[in-house]
Each structure stands twice: as C-alpha cells, then as structure tokens.
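Structural overview
What follows is each chain in one-letter form.
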Amino acid sequence: MGIRTLVGMLVVALAVIGLLATQTSYSLFLPGLLEGALLTIEIALLGSVLAVIMGVLAALARLYGPAPLRWVATVYVEIFRGTSALVQLFWLFFVLPQFGILMDAFTVAVLALGLNVGAYGSEVVRGAILAVAPGQWEASIALNMSRAQMLRRIILPQAFIAMIPPWGNLFIELLKSTALVSLITLTDLAFKAQQMNQSTLKTVPIFTLVLLIYLAMSLVITIGMRFLEQRASAGLSRGRAA
Amino acid sequence: MTEKPMVRFDNVSKRYGALTVLDGLSLDIARGEKVSIIGPSGSGKTTVLRMLMTLETINDGVIWVEGEPLTHMEKGGKLVPANLAHIRRVRAKIGMVFQSFNLFPHMTALQNCIEAPITVLGMKRKDAEERAAELLNMVGLSEKKDHYPSQLSGGQQQRVAIARACAMRPKIMLFDEVTSALDPELVGEVLQVIRQLGREHDLTMLMVTHQMGFAKEFSDRVCFFYQGKICEQGPPGELFGAPKNERTRQFLRAVLEAG
C-alpha cells in the first residue's frame, strides 16, 4: 500500500472522530479518552526507544561480543521472548518489590514493554546484519577498514534499510501491548474506556472512539516508517527506477 | 643481490576439512611483475588471491609481502600468527577487485572511492575527492561520479571498483575473474583499464582470469593451477605456445574449443 493510501486512511479516521465529536453522545467521552491516549502514547514512545536500544545492543553483543556478553544477550533475548509480556509486567511490578526493588507503574510499563519488544527486535537487527551480502564485508577488508569502520559505514547503513519494515510491525505490536498496563494500575486508553463503559454503559460510542484512536495511532507509525524507508533507500531506489 | 620479492608464498597450504584446496604452494612474484593465474575451476586459483587479501586464513606456511610476513609476525625470533593490527599494517599494500564488483550500493561512485581514503587513511575530504575524481577520470567515468552503482552497467561498476581499489594506493593489485560476471560486449572496456593501469602505474599485479588472450598479451608470467598446485608456469609465449605438461595442453585445448 502506498503512503498516499495510508495518509488517506488516517485523514478519514481523524475526520470520523471529528464528525462523531459533534454529537454530545460521543463528545462527552472524548476528553477522558484522549487523556488515556496520551498515557498510551507516552508509554509506547518511550518503550519503542528502549526497544531499539536493547535490540541493537543485544544483536551486536550476540554477533560480535566476547563470550560472556554473548551469553548475557542470549539469556536476555530468550527470557523476554519466551515469556509473555503480561507475566513480565507482573514480575517487575508485583514480584520484584518482594526483593526490595520498587519502581512506579509507569517505569515498569516502559521497562517491560521495551525489554519485551527489544528481545524480538534484536532478532530483526541480527537478521538484517547477516543478510548484508558477504561481498560487502570482503570489499571492506580489501579496503583495509577496521571492524568498527565496516560496521558503521558499510554494513549497518545497508542493514538499517532492511530492518525498517519489521521494526514498524514491532512498534505497532508494542502500541497494542500497552493495553496490558491497566493491569498494573495505569489508566491508559483501554482502561479509561472500560471505566467509562462500566459507569455509563454507553458501549457503542466509547468503543467506536477507542477503535478509531488506536487505528489513527498505528497509522501514524506505519506512515512514519514508510517515510523513513523511502528516505533511507533513496539512492538504491533511484537506481532501480533508472 | 636480488631484490626481495614483492609477494612470496612459502609452502602455503589451505584445507577445508578433509579437502585440500592448496597444497604446499611456493610462489615468488617480483616487484612490478604481472602474473596471470589460469586453471580449471576448483584448482585453488581464486584461493591464492583470497589468502593474500587475508579473506581466508591459511593452514600451513607463511605469506610474505616485501620481505615482511603478512600472515605471521616475529616474536622472540619466532614467527607466530599475526594479530589484526599487524595484518592491517601489511595488508595496506594490497588492493583487490572482485568478480561481482562489490561496490557499496548506498554510496555514489565518488563516495565509494573516497570512503576508505577518509576513514582508513585519514585523508582530508577535499584531497580524497580530488584524487577520486582523477581516478574516475582515468577509468573514463568522470560524468558518472554522482551515480549510484545500481545506475551503472556492469562494466562501469567494475571500473569504479578498480578506481576505488587504486584510491588506497596499493603496491599490489589482485584481480579475481573481474570480467567473468560481465556481458561479453563490456569485457573490453574493463580490460582496457587494467592494461592502462599496468602501463602507467608501478603496480605488481596478480590476476585470476579466463581471458586467455588477455593473459597472453598482458602478463609477464602465467601460472597454470591444477588440483591445488602450480602444474606449469612460464612466460605466456611458452606456456600458451608450447605447453610441456599434458594437463596444461588438455586445459588449453578445452578452453580454445569452448572459445
């Protein structure tokens, strides 16, 4: 799907929200839901930043690190990929305090979701690095580059392009996982909706708005990643078009 | 007093598990000498170049460059396997051009040629760009300097690759079947550049090739490899004109029939 179609969808989603907001049965809930959405965005954004950092670090450690670092990275990836995000949230929030480690709910949410998605992300980064043609390494050796120079100047820029689409998927996954944070006392978009629904029983307007807001947020991510992909592969695709 | 050879393979062996690719290779190449390596596929000829470029490790023997060990370094009077710092210092004298070009696809022709001079040699961007422009001019691609590899033909890409290798000012250039991936009509332009390079620069050249005509005309010496060993070597006139070894005769006959 082209960027234009996606932008079109986003515009429609926002227009429908705006249109519905002209009716009091809907506009009543909008301020509260947007407040919840703000928390969802904050967690998703910070979680994504942490996920990228952890993904890149774990991938580099597993590929090029000394043995102990490789083990640490492997253990991290397997634990956070192999258990559910919900269990990880509970562990960080309810179990760790038993051992004297106390964190506020927001920090736990960002940490758990960031570490969880980062574990998946490390496989994306690793795969993208390994997918760069061996000839690129060989040419870099023939030009006498150091390992760090090869990675920074030759390998990672090419791997970067390949990892943008799968990271887009992971960011959307992370956005949707934020709905779990209501279980550790945070009032995100999903929780706000449930609260309102329980007190008013206006299920249709509340969940129609929630659906549209989530859709708009994930469309923003998709459009952003598409844009990034186009920019990053500018040189390569210019060639293909010629 | 003879000069030290530019490259010396001293009893070098390469094995992959039970398979011996090169078996006790000894070969000296003089400064400025142009040596062609021919032979059937699987005879170990490409491995010779890859070992010299340190793309492959060796199992036995020592490779020397200008009288200095490349694969080893001296420690307490003995030769021990070289560390990366030593390898990089000696390797700086060697450049290589590959069968599949291996240009960096995310960089323009000019950027391909200035990347290593800036990051590895520490050249100033302006100086590196000047030098790269000269080299791209030499290979006849001045107008293509801002093109990406995917916008260039195979022959053009290979000429950029040659310019990129030259930008590091190597003393030894390795050409690994550099025309094998090209459409027939593009082979000539690449060979022309190599010819010019040999004429105008004081380079020692080692090339693996299937272009027998070019090997005959261009090289000082031709080595015929068979099953991991040099089966026969000599000046091109002799090797092509009157091969002594039956294997060489068979190979040349087969190649000529195919051509």
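It should be emphasised that the depicted structure is a prediction, and the values quoted were computed from it without experimental measurement.

Criteria and cut-off values
- Residues numbered from 1 in each chain as written.
- Chains lettered and ligands numbered in written order.
- Predicted model: local features only at pLDDT ≥ 70, side-chain atom pairs only at ≥ 80, totals over all residues.
- Helix = DSSP H or I, 4+ residues; strand = E, 2+ residues; numbered from the N terminus.
- Rg over C-alpha atoms; globule rule 2.2 N^0.38 Å.
- Contact = placed C-beta atoms within 7 Å.
- Pairing = 2+ DSSP bridges.
- Axes fitted to C-alpha atoms, helices over the stretch in contact; angles between N-to-C directions.
- Expected span 1.5 Å × (residues − 1).
- Buried ≥ 20, exposed ≤ 12 C-beta atoms within 10 Å, placed from the backbone.
- Core = buried A, V, L, I, M, F, W, Y, C linked by C-beta atoms within 7 Å.
- Parallel < 35°, antiparallel > 145°, perpendicular 65-115°, else oblique.
- Nonpolar A, V, L, I, M, F, W, Y, C, P; charged D, E, K, R; others polar.
- pLDDT = per-residue confidence, 0-100.

**Quick word on the overall build of chain B**
Counting its regular elements, chain B contains nine helices and 12 strands. The globule rule puts the C-alpha radius of gyration for 259 residues at 18 Å, and the 19 Å found for chain B is close to it. The principal-axis extents of the C-alpha atoms in chain B amount to approximately 55 × 50 × 40 Å. Considering only residue pairs separated by 6 or more positions, chain B has 62% of its internal contacts joining residues 24 or more positions apart.

**Here's the deal with the overall build of chain A**
When you go through chain A residue by residue, the secondary structure sums to 11 helices and zero strands. Along chain A, helices (α) and strands (β) appear in the sequence α-α-α-α-α-α-α-α-α-α-α when read from the amino end. For chain A, long-range pairs separated by at least 24 residues make up 80% of all intrachain contacts whose partners lie at least 6 apart in sequence.

**What to know about unusual backbone geometry**
Residues and elements named next belong to chain A. Of note in the backbone geometry, Thr 185 takes a positive phi value of approximately 75° without being a glycine. Here Thr 185 lies in the loop between α8 (147–177) and α9 (189–200). The phi torsion at Leu 201 lies on the positive side, around 60°, for a residue other than glycine.

**As for the sheet that holds strand β9 (residues 172–176) of chain B**
Residues and elements named next belong to chain B. Pairing in this open sheet of six strands is mixed, and the strands run β8-β9-β10-β3-β11-β12 from one edge to the other. Of all the strands in the sheet, the pair left with one neighbour each is β8 (94–97) and β12 (229–234). Between one strand axis and the next, the sheet turns by 20° as a mean value, whatever way the strands run. For strand β3 (residues 34–38) and strand β10 (residues 204–208), the ladder comprises four bridges, and the chain directions are parallel. If you follow Val 35 over to β10, its bridge partner there is Leu 206.

**Digging into α9 of chain A**
All names here are of chain A. Over its 12 residues, α9 runs 16 Å from end to end, which matches the ideal 16 Å to within 8%, given 1.5 Å per residue. Buried residues belonging to α9 abut α3 (30–64) and α10 (203–232). Once α9 finishes, Leu 201 follows within two positions and takes phi at roughly 60°, a positive value.

**Here we look at the interface of chain B and chain A**
Taken together, the 23 residues of chain B in the interface contact 20 residues of chain A. At the level of elements, α2 (84–91), β8 and α3 (109–119) of chain B are the ones that each hand at least two residues to the side of chain B that touches chain A. By residue number, the principal contributor to the side of chain B that touches chain A is α3 of chain B, which donates three residues.

**Observations regarding the sheet that holds strand β4 (residues 60–65) of chain B**
Here four strands make up an open sheet; going across it, the order is β2-β1-β4-β5 (chain B) and the pairing antiparallel. Every other strand in the sheet has two partners, leaving β2 (19–29) and β5 (68–69) of chain B as the edge strands with one partner each.

**Focus: the pairing of β9 of chain B**
Residue and element names in this part refer to chain B. Taken across its five residues, β9 has five buried, putting it largely inside the fold. Burial along β9 is two-sided: the residues Ile 172, Leu 174 and Asp 176 and Met 173 and Phe 175 are all buried. Direction of pairing for β8 relative to β9: parallel, over a ladder of four bridges. From the neighbouring strand, Gly 95 faces β9, where its bridge partner is Met 173. Two strands pair when backbone bridges link them, and β9 and β10 are joined in this way by five bridges, in the parallel orientation.

**Observations concerning the nonpolar core**
By size, the foremost hydrophobic cluster in this structure holds 128 residues, and its most contacted members are Leu 52, Met 96, Cys 113, Leu 136, Ala 163, Leu 174 and Phe 175 of chain B. When residues in this core are grouped by element, the largest group, 12 residues, is from helix α6 (residues 105–131) of chain A.

**Brief notes about the environment of Leu 191 of chain B**
Residues and elements named next belong to chain B. With respect to the element layout, Leu 191 can be found in helix α6 (residues 184–200). Owing to 20 C-beta atoms within 10 Å, Leu 191 belongs among the buried residues under this scheme. Taking the C-alpha atoms as reference points, Leu 191 and Thr 204, 13 residues apart in sequence, are found 16 Å from one another.

**Side note on the environment of Gly 118 of chain A**
All names here are of chain A. Counting through the fold element by element, Gly 118 comes out in helix α6. For Gly 118, a count of 28 C-beta atoms within 10 Å gives the class buried. Separated by 60 residues in sequence, Gly 118 and Ala 58 have C-alpha atoms that sit 8.3 Å apart. Look past the residues within four positions of Gly 118 in its chain and what remains in contact with it is Leu 50, Ala 51, Met 54, Gly 55 and Ala 58.

**Considerations on the packing of α8 of chain A against α10 of chain A**
Residue and element names in this part refer to chain A. Two elements in contact, α8 and α10, have axes whose closest approach is 9 Å; the angle formed by their N-to-C orientations is 170°. Taken together, the axis directions place α8 and α10 in an arrangement best described as roughly antiparallel. Residue-level inspection shows Phe 160, Ile 161, Ile 164, Pro 165, Trp 167, Gly 168, Phe 171, Ile 172 and Leu 175 of α8 in contact with α10, the latter providing Met 217, Ser 218, Ile 221, Thr 222, Met 225, Leu 228, Glu 229 and Ala 232. When grouped by side-chain class, the residues that make up the contact of α8 with α10 number 13 nonpolar, three polar and one charged.

**Quick look at the confidence of the model for chain B**
Confidence in the prediction for chain B averages 94 pLDDT; 99% of positions are at 70 or higher. For this predicted complex, the interface confidence comes out at an ipTM of 0.94, alongside a pTM of 0.86.

**Some points on the pairing of strand β6 (residues 72–75) of chain B**
Successive side chains on a regular strand alternate, one facing one side of the sheet and the next facing the other. Both β6 of chain B and strand β7 (residues 78–81) of chain B contribute to a ladder of four bridges, which runs antiparallel. Opposite His 72 of chain B, over in β7 of chain B, you have Pro 81 of chain B as the bridge partner.

**A look at the packing of α3 of chain A against α9 of chain A**
The description of two helices packed together rests on the angle between their axes and the distance between the axes. Residue and element names in this part refer to chain A. α9 packs onto α3 with a crossing angle of 155° between their chain directions and a minimal axis gap of 7 Å. Between α3 and α9, the angle falls in the class roughly antiparallel. Facing Gly 32, Leu 33, Glu 35, Gly 36, Ala 37 and Thr 40 of α3, the residues of α9 in contact are Leu 189, Phe 191, Lys 192, Ala 193 and Met 196. Taken together, the residues of the contact of α3 with α9 sort by class into six nonpolar, three polar and two charged.

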